[in-house]
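Each chain is listed here by its residues.
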Amino acid sequence: MSEISDALHTALQSALNAAKPTTPVARNFVTNFLKGRAAAFVDIAEGLASRDIDEGTARYLLMQEGLLLSAEAEAVAGLSKVALQAAADAFLKSLTDSIKALLKIAL
């Protein structure tokens, strides 16, 4: 029973290790993107307040920013799926390798 527990622990650790590199990538991607969007929102607000842009243009620009935020959400979802798939693949490989090793020992 201890061997199975160890195999599961190893598989889980492999999954976690596979997911770690993607997490900072996603975090940095989101952080940089949101900083850019925040700056754009400030520019739009300042342009509207100073009357450099009219209300219609401000609405249009805000709509464009909303579309960019939606695209960002899709990109982050994709990065998350990649991380989860890598974790699942690592888990299954590790578990399969452990089970094969255990069966050879048992034979």
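Residues numbered from 1 in each chain as written. Predicted model: local features only at pLDDT ≥ 70, side-chain atom pairs only at ≥ 80, totals over all residues. Heavy atoms only, no water.

1. Some remarks on the overall build of the protein chain
- A tally of regular secondary structure across the protein chain gives three helices and zero strands.
- Across the protein chain, helices and strands are ordered from the amino to the carboxyl terminus as α-α-α.
- Restricting to contacts in the protein chain with at least 6 residues of sequence separation, those with at least 24 account for 78%. (Helix = DSSP H or I, 4+ residues; strand = E, 2+ residues; numbered from the N terminus. Contact = heavy atoms within 4.5 Å.)

2. Focus: the pattern of salt bridges
- Counted by the stated rule, this structure contains two salt bridges.
- The residue D97 makes a salt bridge to K93 at a minimum N-O spacing of 2.7 Å. Of the two residues, D97 and K93 both sit in helix α3 (residues 55-106), four residues apart, roughly one turn of that helix. (Salt bridge = Lys/Arg side-chain N within 4 Å of Asp/Glu carboxyl O.)

3. A few points about the environment of K93
- Note on K93: relative accessible area 53%, which makes it exposed.
- When the C-alpha atoms of K93 and A11 are compared, they prove to be 7.6 Å apart, with 82 residues separating the residues in sequence.
- A polar side-chain atom of K93 sits 2.7 Å from a polar atom in the side chain of D97. (Buried < 20%, exposed > 50% of the residue type's maximum accessible area, 1.4 Å probe, protein only. Polar contact = N/O pair within 3.5 Å; in protein donor to acceptor, adjacent residues only side chain to side chain.)

4. Topic: a nonpolar patch on the surface
- On the surface, a nonpolar cluster with roughly 390 Å² of combined accessible area is contributed by Y60, L61, M63 and L67.
- Residue L61 is classed as partly exposed on the basis of its relative accessible area, which comes to 30%. (Patch = residues over 30% accessible without salt bridge, like charges linked within 9 Å, V, L, I, M, F, W, Y side chains within 5 Å. Areas by Shrake-Rupley, 256 points an atom, 1.4 Å probe, with all protein chains shown as cover.)

5. Digging into the environment of S50
- Within the secondary structure layout, S50 lies in the loop between α2 (22-49) and α3.
- Within polar-contact distance, the side chain of S50 engages the backbone oxygen of G47 at 3.3 Å.

6. Considerations on the side chain of S94
- Tracing the backbone through its elements, the reader meets S94 in helix α3.
- Given a relative accessible area of 10%, S94 falls into the buried group.
- Once residues lying within four places of it in the same chain are set aside, the contact partners of S94 are T10, A11 and S14.

7. Some remarks on the confidence of the model for the protein chain
- With 81% of its residues at a pLDDT of 70 or more, the protein chain has an overall mean of 78.
- Taking the mean pLDDT of every element in the protein chain, the minimum, 68, falls on helix α1 (residues 2-19) and the maximum, 83, on α3. (pLDDT = per-residue confidence, 0-100.)

8. A closer look at the side chain of E65
- Inspection of the secondary structure puts E65 in helix α3.
- For E65, a relative accessible area of 9% gives the class buried.
- Aside from chain neighbours lying at most four places away, what touches E65 is R37, A40, F41 and I44.

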